[in-house]
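# Coordinate analysis (summary)
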Amino acid sequence: MKTLIVHAHPEPRSLNGSLKDLAVSTLEEAGHDVRVSDLYAMNWKAVVDAADYGPHASSPLRVAADSGRAFDAGTLTPDVRAEQEKLLWADTIVFQFPLWWYGMPAILKGWVDRVFTYHFAYGVGEHSATEYGERFGEGTLAGRRALLSVTAGGPESHYAARGINGPIDDLLFPIQHGVLYYPGIEVLPPFVLYGTDRMTTEDYPDVAKAWRERLLTLDSTEPIAFRRQNAGDYEIPSLHLKEGLEPAGRSGFGLHVRG
């Protein structure tokens, strides 16, 4: 299996850094071919601007259209092209990051903004009476799997169904469904560590054991059962879930998960 690890933490000696290193060693020992995009170590440019699109940048800048023209022409900047090539190479992508202000670190969001260009991650496929482009279960990155490995400072109870921070599945929905499933990636249930601000060195062996076990089941874990856009569950073009398909009592983000 070919695995890409996208890592976003500024401190190599952090818990996130240790989990990234452990993922590399565990997967390589299991026979995986592993590549790492360590965004802080790479000094990754996190902001989209006209320089990303070279001669295909318009004035005023139109990010979607300009990124699509640059992608089609093969003139995206080398750093962006390299990350797109890694995604096309990988069977599995592991994202290692801390949950900061209810989302991913800015550098990782910037990676998504720059790498997931028009005609690469979105804006593909045909629109018709039965399909609304290749999205949500279809697309350029279909056939791949992704796993979020996330550290959260607060205790698990704060991220429960009645917790003040909101359910962790809801907080991660924009990433798992909106960023990863959108271009076709199947998303595995996340690996979340809670209370990490209070974690001690004595706690780490148990954490490492759980992480190793999870990594060794990447190919056998069932993905989250997100509904495919063009498989018949949604009205087109409104993209509203058809009446009667929702499980009893379920609403919100949960409507878009089968079963």
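Just so it is clear, the model here is predicted, and its values are computed rather than measured.

Parameters at a glance
- Residues numbered from 1 in each chain as written.
- Predicted model: local features only at pLDDT ≥ 70, side-chain atom pairs only at ≥ 80, totals over all residues.
- Heavy atoms only, no water.
- Core = buried A, V, L, I, M, F, W, Y, C linked by side-chain atoms within 4.5 Å.
- Buried < 20%, exposed > 50% of the residue type's maximum accessible area, 1.4 Å probe, protein only.
- Helix = DSSP H or I, 4+ residues; strand = E, 2+ residues; numbered from the N terminus.
- Contact = heavy atoms within 4.5 Å.
- Patch = residues over 30% accessible without salt bridge, like charges linked within 9 Å, V, L, I, M, F, W, Y side chains within 5 Å.
- Areas by Shrake-Rupley, 256 points an atom, 1.4 Å probe, with all protein chains shown as cover.
- Salt bridge = Lys/Arg side-chain N within 4 Å of Asp/Glu carboxyl O.
- UniProt positions renumbered as here; feature names shortened; annotations may be inferred.
- Phe/Tyr/Trp six-rings, centres within 6.5 Å; stacked < 30°, edge-to-face > 60°.
- Pairing = 2+ DSSP bridges.
- Right-handed = clockwise from strand over helix to strand, strands pointing away.

## Digging into the nonpolar core
If you look at the biggest cluster of nonpolar residues, it comprises 46 residues, and the most contacted ones within it are Leu87, Ile93, Phe95, Phe97, Leu108, Trp111 and Phe116. Where this core is concerned, the elements lending two or more residues are strand 1 (2-7), helix 3 (78-89), strand 3 (92-98), helix 4 (106-115), strand 4 (145-151) and helix 5 (168-181). Looking at which element gives the most residues to this core, the answer is helix 5, with eight residues. Contacts of Phe95, omitting those with residues within four sequence positions, involve Val6, Leu108, Trp111, Ala146, Leu147, Leu148, Ser149 and Leu180.

## Quick look at the environment of Gly163
Its place among the elements puts Gly163 in the loop between strand 4 and helix 5. Residue classification places Gly163 among the buried residues on the basis of a relative accessible area of 16%. Not counting residues within four places of it along the chain, the set of residues in contact with Gly163 comprises Ser157 and His158.

## Side note on a nonpolar patch on the surface
Taken together, Tyr40, Trp100, Trp101 and Tyr102 make up a surface patch of nonpolar side chains, about 530 Å² in accessible area. Its location among the elements puts Trp100 in the loop between strand 3 and helix 4.

## Describing the UniProt feature "domain: Flavodoxin-like fold" (unreviewed entry) in the protein
Sites flagged by UniProt as "domain: Flavodoxin-like fold" (unreviewed entry) map to residues 1-215. End C-alpha to end C-alpha, residues 1-215 measures 12 Å, and it is 34% helix and 14% strand.

## Some thoughts on the packing of aromatic side chains
Applying the stated rule across the entire model yields ten aromatic pairs. With a centroid separation of 5.6 Å and 40° between ring planes, the pair formed by Tyr159 and Tyr194 is classed as tilted. On the criterion of sequence distance, the pair formed by Tyr159 in the loop between strand 4 and helix 5 and Tyr194 in the loop between strand 6 (191-193) and helix 6 (204-215) is long-range, its members being 35 residues apart. Centre to centre, the rings of Phe173 and Phe226 are 6.1 Å apart; their planes meet at 85°, and the pair counts as edge-to-face. Placement of Phe173 in helix 5 and of Phe226 in the loop between helix 6 and helix 7 (229-233) is noted, with a sequence separation of 53 residues between them. This pair shows no difference in class: Phe173 is buried, exactly as Phe226 is.

## Considering the environment of Leu245
You can see Leu245 is positioned in the segment after helix 7. Those residues in contact with Leu245, other than ones at most four positions away along the chain, are Arg227 and Asp233.

## Let's talk about the pairing of strand 1
In terms of burial, strand 1 is largely enclosed, as five of its six residues are buried. Of the strand pairs in this sheet, strand 1 and strand 2 (residues 33-38) are connected by six bridges, and their pairing is parallel. Among the inter-strand pairings, His7 is bridged to a residue of strand 2, identified as Asp38. The β-α-β motif built from strand 1, the intervening helix 1 (residues 15-29) and the parallel element strand 2 has right-handed crossover chirality. One ladder, built from five bridges, connects strand 1 with strand 3; its direction is parallel.

## Digging into the environment of Ile175
For Ile175, the location among the structural elements is in helix 5. Residue classification places Ile175 among the buried residues on the basis of a relative accessible area of 8%. Expressed as a C-alpha distance, the spacing of Ile175 and Asp21, which sit 154 residues apart in the sequence, is 23 Å. Residues contacting Ile175, with those up to four places away along its chain left out, are Phe97, Met104, Leu148 and Leu180.

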